[in-house]
Amino acid sequence: MPWESDSLKLLRVLEGFYRPREDEVSRLANVARMNKLYLAYLRMVGDAVGYELAREEARYRWFVENVVEVVEALRGVNYALYKFRKPVGHVSVDLDILVGREDVPRATMMLCKHGFKMAVVEPYTVTLERRGFIVDLYTEPSFAWIIYVDGGRLLRDYVEDVDVHGVWTRALTREAEVVVAAAHALYKEHLILLIDCLLAWEWLNNRAWRIAVDLNVKQALKELLKICNLIKSGLAEAPYKLEPHMIIKAYIEKTLEDPVFRATLLNMFKYVIIRKNIGAMILRRITRKSY
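Definitions and limits used
- Residues numbered from 1 in each chain as written.
- Predicted model: local features only at pLDDT ≥ 70, side-chain atom pairs only at ≥ 80, totals over all residues.
- Heavy atoms only, no water.
- Helix = DSSP H or I, 4+ residues; strand = E, 2+ residues; numbered from the N terminus.
- Rg over C-alpha atoms; globule rule 2.2 N^0.38 Å.
- Buried < 20%, exposed > 50% of the residue type's maximum accessible area, 1.4 Å probe, protein only.
- Contact = heavy atoms within 4.5 Å.
- Areas by Shrake-Rupley, 256 points an atom, 1.4 Å probe, with all protein chains shown as cover.
- Lys, Arg positive; Asp, Glu negative; His and termini not counted.
- Charge placed at Lys NZ, Arg CZ, Asp CG, Glu CD.
- Disulfide = S-S within 2.5 Å.
- Phe/Tyr/Trp six-rings, centres within 6.5 Å; stacked < 30°, edge-to-face > 60°.

### Considerations on the overall build of the protein
Assigned secondary structure in the protein consists of 14 helices and 11 strands. Relative to a compact globule of 291 residues, whose C-alpha radius of gyration would be 19 Å, the protein shows 19 Å and is just as compact. Considering only C-alpha atoms, the protein reaches an extent of 55 × 45 × 40 Å along its principal axes. Within the protein, the proportion of its 291 residues that are buried is 55%. For the protein, contacts bridging at least 24 residues in sequence account for 63% of all contacts bridging at least 6. Total accessible area computed for the protein in this model is approximately 14300 Å², and 56% of it derives from carbon and sulfur atoms. Within the protein, one finds 43 positive and 38 negative side-chain charges whose respective centroids are separated by 3 Å.

So this is what it looks like as structure tokens:
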């Protein structure tokens with residue numbers, strides 16, 4: 001058999017076309033973890049990771065129980081689950097929620113009544129925590145206080161009702177999730193994970209392209225697809241770290257095309273000034289392999 005990248009082997013495992021050898025199980029598990037596909041991988045290899053699968057399934061149940069409690073607490077609030085829907089089983093480190101700007105105080109109060117405590121308050125985000133479960137309330141998807149997707153338009157135009165384990169809640173449409181994943185990977189994280197590629201391969205359609213154009217993130221979607229094709233061809237590994245020249249080019253194009261991004265660009269200087277550990281943060285981003 002010709003040489004295959006670990007990313008490609010992981011993809012074939014998830015598709016049901018490959019059974020990892022005993023000496024590969026642990027290595028591919030680490031690749032799956034870095035690509036936020038750990039639960040999906042464990043479910044496919046089954047008996048080879050029985051104890052670890054049981055532990056991850058328990059984490060998944062705990063995550064879902066918390067999600068259900070949060071969305072029930074937010075009844076009547078203008079909100080939508082954000083970066084939530086995936087084409088495979090997935091345990092997230094936190095729960096991201098888009099909230100209408102005028103509803104943030106109410107949403108915060110309702111969650112505090114359910115035992116959450118505010119941990120961080122920033123211009124476009126309020127972070128709350130309860131017994132290790134983290135909820136991020138976003139008014140705008142942003143990084144360094146720069147808005148890279150118009151949260152108001154997402155919340156107004158690209159939300160639908162979905163069933164989350166028997167509870168109806170509001171969430172981004174599948175097509176909007178593809179677009180958000182591309183923008184998040186390119187503009188904020190500078191890393192493309194295999195789970196981002198699965199989103200694109202499963203849910204990309206003409207409507208997703210229209211959303212990308214509407215939200216001024218078409219270039220991000222193009223870049224995502226280009227890198228995902230390299231990964232699928234075995235020519236690149238995931239997570240894929242974007243090169244500096246690619247990031248600079250993306251920011252220049254975004255500045256020229258997106259008035260919201262352009263209007264908040266100077267917020268970056270305020271962000272840098274107020275952050276006491278900015279040097280350590282930059283170093284971590286440069287050296288990290290995933291997030």
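### Some points on the state of the cysteines
Using the criterion set out here, one finds 1 disulfide in the structure. Shown here is the disulfide that connects Cys197 with Cys228, its sulfur atoms set 2.1 Å apart. Between Cys197 and Cys228 the sulfur-sulfur dihedral comes to about -90°; the bridge is accordingly left-handed. Placement of Cys197 in helix 8 (residues 194–203) and of Cys228 in helix 10 (residues 218–232) is noted, with a sequence separation of 31 residues between them. Overall, Cys197 belongs to the buried group, its relative accessible area being 0%. What makes Cys228 buried here is its relative accessible area of 0%.

### What to know about the side chain of Thr125
On the secondary structure map, Thr125 appears in strand 4 (residues 125–130). Under the relative-accessibility criterion, Thr125 is labelled buried at 13%. Contacts of Thr125, omitting those with residues within four sequence positions, involve Val120, Asp136, Leu137 and Tyr138.

### A short note on the environment of Arg153
As for its placement among the helices and strands, Arg153 is situated in helix 6 (residues 151–157). Along the primary structure Arg153 and Arg19 are separated by 134 residues, whereas in three dimensions their C-alpha atoms are 43 Å apart. Dropping the residues within four chain positions of it, Arg153 is found in contact with Tyr158, Asp214 and Leu215.

### Structural notes on the packing of aromatic side chains
Within this structure, the stated rule accounts for 11 aromatic pairs. Ring geometry for Trp62 and Phe133: centres 5.6 Å apart, planes at 80°, overall edge-to-face. Within this pair, whereas Trp62 is found in helix 4 (residues 50–73), its partner Phe133 is found in strand 5 (residues 133–138), the two being separated by 71 residues in sequence. The class of Trp62 is partly exposed, set by a relative accessible area of 36%. A residue is classified by how much of its surface remains accessible, and Phe133, at 2% relative accessible area, is buried. Taking the centre distance of 6.3 Å and the plane angle of 50° together, the rings of Tyr148 and Tyr187 count as tilted.

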